[in-house]
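# Results of the structural survey
Letter by letter, the chains look like this.
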Amino acid sequence: MLFSKLNRRVLVTAVSAVSMASVVLAGCGGVKTTSTGGKGDYPTGNIQMSVGASPGGSTDLITRAIAEGLGKELGVSVPVVNKPGANGALNAKELQAAKPDGYKIAVQNASLFTITPLAVSAKEVVKLDDFDLLGGISQDDYVLIAPVGSGYKTIADLKKAGKNVKYGTTGVGTGAQLASALTFKQAGIPATDVPFDGGAPALTALLGSQVDVATIQVGDSIEQIKAKKVVPLAVFSAERIKFLPDVPTAKEQGYDVVVSQYRFLTAPKGTPDDVRTKLADAAKKTYATDAYKKFNDAHCLTPIEVSPDEVRKILDGYATKYKAQLDQFGISLAAKK
């Protein structure tokens, strides 16, 4: 049962991919399926969307939902290719090196540009200026959870426990790591970071008693919360979220910790204006559909579908605040050697 629930997202992804493949093979609906762009008005061939994460996670599912919509709006096939590694950095660097013609695009995570630079060396940093922004997508909030049998219900309970808390996160340089580190530091709780490669393995470790608590995205934990297998102690949003309305924020519990995962659509630097406009318009039409709105609700995503300029302001604000907080509390996010 546990394996089934934890991998439901992966199964959904697989079904989605098979469905898309069926459409492409059938060649119906006037969809163009050439592998690359050709002569004529853009687009004349497939538009590849790459994902810097494994199948089944939030970024992957968002990418597939958008790819389906873009395909319908632009009349071409939009295959999705997974290129996981380094919190999306490997995929970002491949996109950065791609030809700026609109045939390779990607959904990217804010944490790669606002948090990861605080955890890695300068030569490993991926810069936002190396991409063209097409627009904002949605926010995925983090939640601190504990096993239902732990007795923990709030951050105060962790403090009262008087022990070193082992906490699982979704990896080094992620929002999960930042939110946890800030919380435990401000609360004066001795704690040890145990990074995992994504929310699913962190959740598995929590349920297997390998860690005491874990911070993962709400969408990755909502089923286990509803099944009362884990207890949500706090959400790290600015205000309570509609998906967990009874769970207090960290701020309500006295800790200035507001960290979320924000995603936006990007293309290689230098993509022509008219191509960027077509892609952005197709994305906006996708977001406006009932199917996509239902997708957001089903995966606990809050839409923030803003302009490229607004995306940049959001990311600049995150980066400034996060760095200031890490400096204030003397926290290092670098991987332990």
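Computed from a predicted model, the values in this text were never measured in an experiment.

The rules behind the values
Residues numbered from 1 in each chain as written. Predicted model: local features only at pLDDT ≥ 70, side-chain atom pairs only at ≥ 80, totals over all residues. Heavy atoms only, no water. Helix = DSSP H or I, 4+ residues; strand = E, 2+ residues; numbered from the N terminus. Buried < 20%, exposed > 50% of the residue type's maximum accessible area, 1.4 Å probe, protein only. Contact = heavy atoms within 4.5 Å. Areas by Shrake-Rupley, 256 points an atom, 1.4 Å probe, with all protein chains shown as cover. Pairing = 2+ DSSP bridges. Core = buried A, V, L, I, M, F, W, Y, C linked by side-chain atoms within 4.5 Å. Domains from an automatic or database assignment. Polar contact = N/O pair within 3.5 Å; in protein donor to acceptor, adjacent residues only side chain to side chain. Phe/Tyr/Trp six-rings, centres within 6.5 Å; stacked < 30°, edge-to-face > 60°. Expected span 1.5 Å × (residues − 1). Arc of directions from axis to C-beta. Axes fitted to C-alpha atoms, helices over the stretch in contact; angles between N-to-C directions. Left-handed = near helix turned anticlockwise from the far one by under 90°. Nonpolar A, V, L, I, M, F, W, Y, C, P; charged D, E, K, R; others polar. Salt bridge = Lys/Arg side-chain N within 4 Å of Asp/Glu carboxyl O.

## A few points about the overall build of the chain
Scanning the chain from terminus to terminus reveals 12 helices and 10 strands. Burial statistics for the chain: of 337 residues in total, 50% are counted as buried. Long-range pairs, those at least 24 residues apart, make up 78% of the contacts in the chain between residues at least 6 apart in sequence. A total accessible area of about 15000 Å² is found for the chain, and carbon and sulfur atoms account for 55% of it.

## So, the pairing of strand β8 (residues 230-235)
Counting buried positions along β8 gives six out of six residues, so the element sits mostly inside the fold. Both strand β4 (residues 131-147) and β8 contribute to a ladder of five bridges, which runs antiparallel. The residue of β8 that forms the bridge with Pro147 is Val230.

## Thoughts on the nonpolar core
In terms of nonpolar packing, the biggest core is built from 47 residues, with Leu158, Val213 and Phe264 touching the most fellow members. Of all the elements, helix α7 (residues 175-187) adds the most residues to this core, at seven residues. Looking at which domains feed residues into this core, each of domain 1 (47-139 + 261-325) and domain 2 (141-259) gives three or more. Other than its neighbours up to four places away in sequence, Val213 contacts Leu144, Ile145, Ala146, Tyr152, Leu158, Val165, Lys166, Tyr167, Gly168, Phe184, Leu206 and Leu233. Membership of the second largest hydrophobic core comes to 29 residues, among which are Leu61, Ile137, Val275 and Ala283.

## Considerations on the side chain of Thr116
In this fold, Thr116 is placed in the loop between α5 (110-114) and β4. A polar contact is formed between the side chain of Thr116 and the side chain of Asn87, at a distance of 2.8 Å. Ignoring sequence-local partners within four residues, the contact set of Thr116 consists of Asn87, Ser111 and Gly173.

## Examining the packing of aromatic side chains
Per the counting criterion, the structure on display carries eight aromatic pairs. Judged by centre distance (4.9 Å) and plane angle (45°), the ring pair of Tyr167 and Phe184 falls under tilted. Here the residue Tyr167 occupies a position in strand β5 (residues 165-169), and Phe184 occupies one in helix α7, the gap between them amounting to 17 residues. The same class applies to Tyr167 and to Phe184, which are both buried. Look at Tyr287 and Tyr292: their rings are 5.3 Å apart centre to centre, the planes differ by 45°, and that puts the pair in the tilted class. The exposure classification of Tyr287 matches that of Tyr292, with both residues buried. By way of ring pairs, the aromatic residues Phe113, Phe131, Tyr262 and Phe264 are connected into one cluster.

## Focus: helix α12 (residues 308-329)
Between its terminal C-alpha atoms α12 stretches 32 Å, which fits the 32 Å expected from 22 residues at 1.5 Å a residue. Residues of α12 that are buried include every one of Val311, Leu315, Tyr318, Tyr322, Gln325 and Leu326, and no others. With its buried residues spanning 105° around the axis, α12 presents them on a single face. Relative to its buried face, α12 has exposed residues pointing more than 90 degrees away, namely Asp309, Lys313, Thr320, Asp327 and Gln328. Where α12 is buried, its residues meet α5, β4, α7 and β9 (260-268). Gly330 sits one or two positions beyond α12 and adopts a positive phi of about 65°.

## Concerning the packing of α7 against α12
In the contact formed by α7 and α12, the axes pass within 11 Å of each other and the chain directions differ by 35°. α12 is crossed by α7, and the crossing has left-handed handedness. Touching Leu178, Leu182, Lys185 and Gln186 of α7 are Tyr322, Gln325, Leu326 and Phe329, all from α12. Of the residues contributing to the contact of α7 with α12, the split by class is five nonpolar, two polar and one charged.

## What about helix α8 (residues 199-207)?
Buried within α8 we find Gly199, Ala202, Leu203, Ala205 and Leu206. Here the buried residues of α8 occupy an arc of 160° about the axis, which is enough to place them on one side.

## Focus on the pairing of strand β3 (residues 104-109)
A regular strand places its side chains so that they alternate between the two faces of the sheet. Counting buried residues along β3, five of its six residues qualify, which places the element largely inside the surrounding structure. Two elements, strand β1 (residues 48-51) and β3, share three bridges in a ladder whose sense is parallel. When the bridges of β3 are listed, Gln48 appears paired with Lys104.

## As for the pattern of salt bridges
Close approach of charged atoms lets side chains of opposite charge pair. Inspection of the entire model under this criterion finds 14 salt bridges. Here Glu252 ties to Arg240 by a salt bridge, and the two come within 2.9 Å at their closest N and O atoms. Note that Glu252 is positioned in the loop between β8 and β9 and Arg240 in the loop between β8 and β9, a separation of 12 residues in sequence. Residue Glu252 is classed as partly exposed on the basis of its relative accessible area, which comes to 46%. On the basis of relative accessibility, which here comes to 41%, the residue Arg240 falls in the partly exposed class. Notably, a salt bridge pairs Asp297 with Lys242, separated by 3.0 Å at the nearest N-O pair.

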